[in-house]
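Examination of the molecular architecture
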Amino acid sequence: MSAWEPVVGLEIHVHLKTRTKMFCRCPVGFGAGENTQTCPVCLGLPGALPVINRRAVEWTIKLGLALGCEIRGHAVFARKHYPYPDLPKGYQISQYDLPSCVDGKVILPSADGDREIGIVRAHLEEDAAKTVHVGGRTGRIGGADYSLIDFNRGGTPLVEIVTAPDIRSADEAKRFLQLLRQTIVELGISDAEMEKGALRADANVSVRPAGSNELRTRTELKNMNSFTFIARGIEAEVERQVGVWESGGEVRQETYDFDAASGKLTPRRAKEEADDYRYFPEPDLVPVEPPAELVERLRGELPEPPGARIERLEGTLGLERSSVLVTGGLDRLWEETVAAGAEPVQAANVIANALMGAGVDPGSVSATELARLVDARDRIPRAAFDEAVSKLGEPGFSADPYLTQEAVSDESELEPVIARVLEANPGEVEAYRGGKDGLLGFFVGQVMKETQGKANPRVVSELVKAKLSA
Amino acid sequence: MAISRDEVLHVARLARLALTEDEVDRLTTELGAILEAVGVVAELDLVDVPPTEHPLDVVNVWGEDEPHESLPLDDVFANAPAREGDLFRVPPTV
Amino acid sequence: MAPVVDTLRLTAEDAIGLVQRGDVSAGELHAAYLEAIEERDGELHAYLRTVEEADGASIPIALKDVISTRGVETTAGSRILEGYVPVFDATVAARCRAAGLTLLGKTNTDEFAMGSSTENSAWGPSRNPWDPALVPGGSGGGTAAAVSAGLAPWGLGSDTGGSIKQPSALCGNVGLRPTYGSVSRFGVVAFASSLDQIGPVAKTVRDVALLYSIIAGRDRCDSTTVELPEEVRLPEDERVDGLRIGVPRQLADLDAIEPGVRAAFERSLELAEELGAELGECDLPLSYRYGMPCYYLVAPAEASSNLARYDGVRYGLRTEADTYDGMVERTRDDGFGPEPKRRIMLGTYALSAGYYEAFYGQAQKVRTLLIREHREALEPFDVIATPTSPAVAFPIGDKAADPLAMYACDLLTIPSCLAGLPGLSIPCGLSDGLPVGLQLLGPQFGENTLFRLGHALERALGFDTVPERLR
């Protein structure tokens, strides 16, 4: 397995959160009644004509700049023809051979140094409508009795980002996507939520003998709707391809759907006819030639890229913690908390674990109060700490009432409780003594439970250890 | 410049036309003749000539991102061949 | 009792005068035209449907059936749009409404405006008012026949490769194909987007200029429109001193031009000279050799794409089948007539993998050459003059079986359409008792010059636009 190297490229689709659609001014958004956000343009009525959404163009340029792309002075929309009922005109309007953004790169901080992921292009297009398949045995397309179409989503602005095949592992693909997602969110151009379909990614996967430069036949993985599934899908596909090559076979160019439930890849049925999109320049639109002043203004609006921030924090926190903070959009709060006096690693742990675990919006948290809690974490009862953290987002929150509570560190108070716990769990005690050190956490947890979270876990831990090694 | 019957059938599938046998025969002949007539464009050497993307020399025409009124549902479905609830109904896309 | 209005001779300008002075009401005028339609359209079949009630305060107008009219069926002459009632107005229809014009009816057209005789209409051909055995030209034969026979004071057509100019010539009317980009295409059933333009048809150049001023100008719903660089001027001058007219040298070698057409054309050039114009020769060699082939690649390619939306899902005809693909393919086979099918097939082929560069790509390069050639030819001239159609109206059925012969009708109108330039056709005489059209071509947005020359010539020619048999 180590003799093989995965070669992965990603195609990412991002819904822009403009107020209106790409080529008409129908509102974009979830939750509206079926087909109530439609008009002659997005229904493809005879004679209707597209009009470019200016904000969508500007946001695409902004994204391109954030991905280090060259912004083309002459971009052209084309018609891409394919037959599907959710494509009302019989073609999709999409930038094709003259996209707005080309030749970018993203620096992905990695354990073995910076990795550079090339961006081939980022282009603007419109999304298709939504088709619901009704009836049949499984509700899947193959067995449907008929289909129903809602054109509300049709025409939503979509940016497609195509990376170079520079990604070398499933984990790297996942980390790249997390970084990209955060970049997009911070630009304010999309919610980039995968579960809502606002961010979708397909992967092109091949493998080659490690160290070689060849590009072997690749397959396409579609329908992976979370970062974890993408990583799992790529992993499974790499394993499959290695198996094929090693058994003397040949990988065929195919498209696979990833089934989240089974974790399995199923090949799509090969089409009778190869796709022939018959692209040609959309004659109903004129070229986009962004003036230099516009591009420079947009460049001036870019925030510091998340990748650079990970690198900045890496020295203090290590790659893992920095990445979690930055791609979670938590690093600003962390910086303020540290500035307010908290110990950096402790602060990072509290923010990434306790605060996020409690589902608190980091934007509403007072860094000063958070810093006081981080500082007092070991002194106050766990229950008090957890409660305080869960209330950090409330307006006017003060840590004061929690800081006055003291965790029980008095050995004479704790010893009887510990003795009770050990007595009640003779099996675990034996196992621990037999070498299962991991059970320490279990004993501490039991003591915490008995004391309703008032015990100082550090002290309990010491006492349990001493007692059991006695 | 002739076009084969198979090519006609292939193009018909791309064009989403279920042609009858007679139509395929007729179109094979007619398209062959038309392609021969229009094929004279090939005699020009145009490697250095840019294609016309647009007859009008205009760029950057766009609209502001301000919503307009969408159509009322009665209008959306005014001409619909098959409606179910507020959705368009089509045969299964096997 | 409504006053007697002679719709046969009434110009739009005169009709507006009648209404403004209160001599007739908008409703009475509308009714008078409906009466004329009742009397003569059984034979001519210029209209696909009429509107009974006047819905404006001014004079009536006929709109080609490719123009969407809210609440009034719009079929583009195709079975696939049978029963389709638009829920919105085309911009040109809305502008006519805003000007107080009342919609008289929807006029016949070749299916999806594809044709030169109106024989390709799914609803049967229209006939030429000068001789009902002949075609009125096409694709806008319905509007041309209606204006010629006094069934509308004026109307709008659409022109892709000659569909306004050629029928105007064959029916003895004035027709303008405006500069590409000057009139909105929004709501007009698309044929070939980079070529389609909407334009007026009337009995006089002044009427055409007036209607043009109503419909022209930027529309924010059509990204390919611009504001006119100068206001439309209604022409008044009787002379055109100093105006420079170029005549393409290549016309002499075009055998397709009938002798009678050539004679009428040359007489009108002499007349222009008498009015003060300066004549000279220009060159359009590529235009007449490659214009037609280029057009029959570009237009079908765009048409194949524009007609992809007719799938039986949201509107129009639907032939049921067990699967979506089957439904679409059968609907389109049932709904489209032979000419749209031919062009869809041709265009799909020209865009398909392996053929794009040789056909569509090459044609768009040829188009670049034609644009340059026209620019150079127009450099020393204000106007280029040619006959509009190489031939006068031909018998119904004559060319129906031969697509290439039909395509050749547009030999002289096509090149300037590819170049995006305006063209005005005015009647310039008779050949064997049938009208001959004079085509005046100008630079982009040169409409005012075309109106000026057209108007002066029209007055000097004194052509009677009423067909002899109806006088």
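In this text, all values refer to a predicted model and were calculated from it rather than measured experimentally.

Rules used throughout
Residues numbered from 1 in each chain as written. Chains lettered and ligands numbered in written order. Predicted model: local features only at pLDDT ≥ 70, side-chain atom pairs only at ≥ 80, totals over all residues. Helix = DSSP H or I, 4+ residues; strand = E, 2+ residues; numbered from the N terminus. Rg over C-alpha atoms; globule rule 2.2 N^0.38 Å. Buried ≥ 20, exposed ≤ 12 C-beta atoms within 10 Å, placed from the backbone. Contact = placed C-beta atoms within 7 Å. Axes fitted to C-alpha atoms, helices over the stretch in contact; angles between N-to-C directions. Parallel < 35°, antiparallel > 145°, perpendicular 65-115°, else oblique. Nonpolar A, V, L, I, M, F, W, Y, C, P; charged D, E, K, R; others polar. Domains from an automatic or database assignment. Pairing = 2+ DSSP bridges. Core = buried A, V, L, I, M, F, W, Y, C linked by C-beta atoms within 7 Å. Expected span 1.5 Å × (residues − 1). Arc of directions from axis to C-beta.

1. Topic: the overall build of chain C
A count of helices and strands for chain C gives 14 helices and eleven strands. Taken over the C-alpha trace, chain C has a radius of gyration of 21 Å; the compact-globule value for 471 residues is 23 Å, and the two agree within 12%. On the principal axes, the C-alpha backbone points of chain C span a range of 70 × 60 × 45 Å. Buried positions account for 66% of the 471 residues belonging to chain C. Put simply, 77% of the contacts in chain C that link residues at least 6 apart link residues at least 24 apart.

2. Comments concerning the packing of helix α2 (residues 21-38) of chain B against helix α8 (residues 285-306) of chain C
Closest axis-to-axis distance for the α2 of chain B/α8 of chain C pair is 8 Å, and the angle between their directions is 125°. When the axes of α2 of chain B and α8 of chain C are compared, the pair comes out oblique. Here α2 of chain B contributes Ile34, Ala37 and Val38 of chain B to the contact with α8 of chain C, which in turn contributes Pro293, Tyr296 and Leu297 of chain C. Residues that form the contact of α2 of chain B with α8 of chain C fall into these classes: six nonpolar, no polar and no charged.

3. A short note on the domain arrangement of chain A
All names here are of chain A. Partitioning chain A into structural domains gives domain 1 (4-300), domain 2 (330-403) and domain 3 (411-469). On a C-alpha basis, the centres of domain 2 and domain 3 stand 27 Å from each other. If you look at the interface, domain 2 gives four residues, while domain 3 gives seven residues.

4. Notes on unusual backbone geometry
Generally, phi is negative for residues other than glycine and the peptide bonds are trans, each holding for most cases. Residue and element names in this part refer to chain C. The omega torsion across Gly138 and Ser139 is 5°, close enough to zero to call that bond cis. By the element assignment, Ser139 lies in the loop between β3 (102-107) and α4 (141-148). Here His45, not a glycine, exhibits a phi torsion of approximately 55°, which is positive. Counting through the fold element by element, His45 comes out in the loop between α2 (26-44) and β1 (47-50).

5. A few points about the pairing of strand β4 (residues 154-159) of chain C
Residues and elements named next belong to chain C. Counting buried positions along β4 gives six out of six residues, so the element sits mostly inside the fold. The alternating pattern of β4 places Trp154, Leu156 and Ser158 on one face and Gly155, Gly157 and Asp159 on the opposite face, and all of these are buried. For strand β2 (residues 60-64) and β4, the ladder comprises two bridges, and the chain directions are parallel. Following the sheet pairing, Ala62 is matched in β4 by Gly155. The sheet contact formed by β4 and strand β6 (residues 197-202) spans six bridges and is antiparallel. Within β6, the residue paired with Gly157 across the bridge is Gly199.

6. Some remarks on the nonpolar core
By size, the foremost hydrophobic cluster in this structure holds 257 residues, and its most contacted members are Val14, Ala173 and Ile234 of chain A together with Ile61, Cys294, Leu297 and Val383 of chain C. The element that contributes the greatest number of residues to this core is α8 of chain C, accounting for ten residues. Excluding anything up to four places from it in sequence, Ala173 of chain A contacts Val8, Leu10, Ile167, Ala203, Ile230, Ala231 and Ile234 of chain A. Judged by nonpolar contacts, the second largest core, of 44 residues, contains Leu313, Trp334, Ala348 and Val460 of chain A.

7. A look at the interface of chain B and chain C
Counting residues at the interface gives 42 residues for chain B and 54 residues for chain C. Listed by contribution, the elements that provide at least two residues to the side of chain B that touches chain C are α1 (5-14), α2 and β3 (87-90) of chain B. Examining the composition of the side of chain B that touches chain C, we find that seven residues originate from one element, α2 of chain B, more than from any other. Here the side of chain B that touches chain C is composed, by residue class, of 34 nonpolar, five polar and three charged.

8. Observations concerning helix α14 (residues 457-469) of chain A
Residue and element names in this part refer to chain A. Helix length check: α14 (13 residues) gives 18 Å between terminal C-alpha atoms against 18 Å at 1.5 Å per residue, within 8%. Of the positions making up α14, those classed as buried are Val460, Leu463 and Val464. One side of α14 holds all its buried residues, which, seen down the axis, span an arc of 100°. Exposed residues pointing more than 90 degrees away from the buried face of α14 are listed as Ala466 and Ser469. Next to the buried residues of α14 lie α11 (411-424) and α13 (440-450).

9. Notes on the sheet that holds strand β8 (residues 130-134) of chain A
The pairing of strands in a sheet comes from backbone hydrogen bonds and takes either a parallel or an antiparallel form. If you trace the four strands from one edge of the open sheet to the other, you get β8(A)-β9(A)-β3(B)-β2(B), paired in antiparallel fashion. The open sheet is flanked by β8 of chain A together with β2 (83-84) of chain B, the only strands paired with a single partner. Examined bridge by bridge, β2 of chain B and β3 of chain B share two bridges and lie antiparallel to one another. Bridging across to β3 of chain B, Arg83 of chain B finds its partner in Phe88 of chain B.

10. Observations concerning the interface of chain A and chain B
Facing 42 residues of chain A, the contacting portion of chain B comprises 32 residues. Secondary-structure elements contributing two or more residues to the side of chain A that touches chain B are β2 (52-53), α1 (54-66), β8 and β9 (146-150) of chain A. With five residues, the single largest contributor to the side of chain A that touches chain B is β9 of chain A. Split into classes, the residues belonging to the side of chain A that touches chain B amount to 20 nonpolar, twelve polar and ten charged. Bridge analysis of β9 of chain A against β3 of chain B gives three bridges, and the strand direction is antiparallel. The residue bridging Leu148 of chain A from the neighbouring strand is Arg89 of chain B, located in β3 of chain B.

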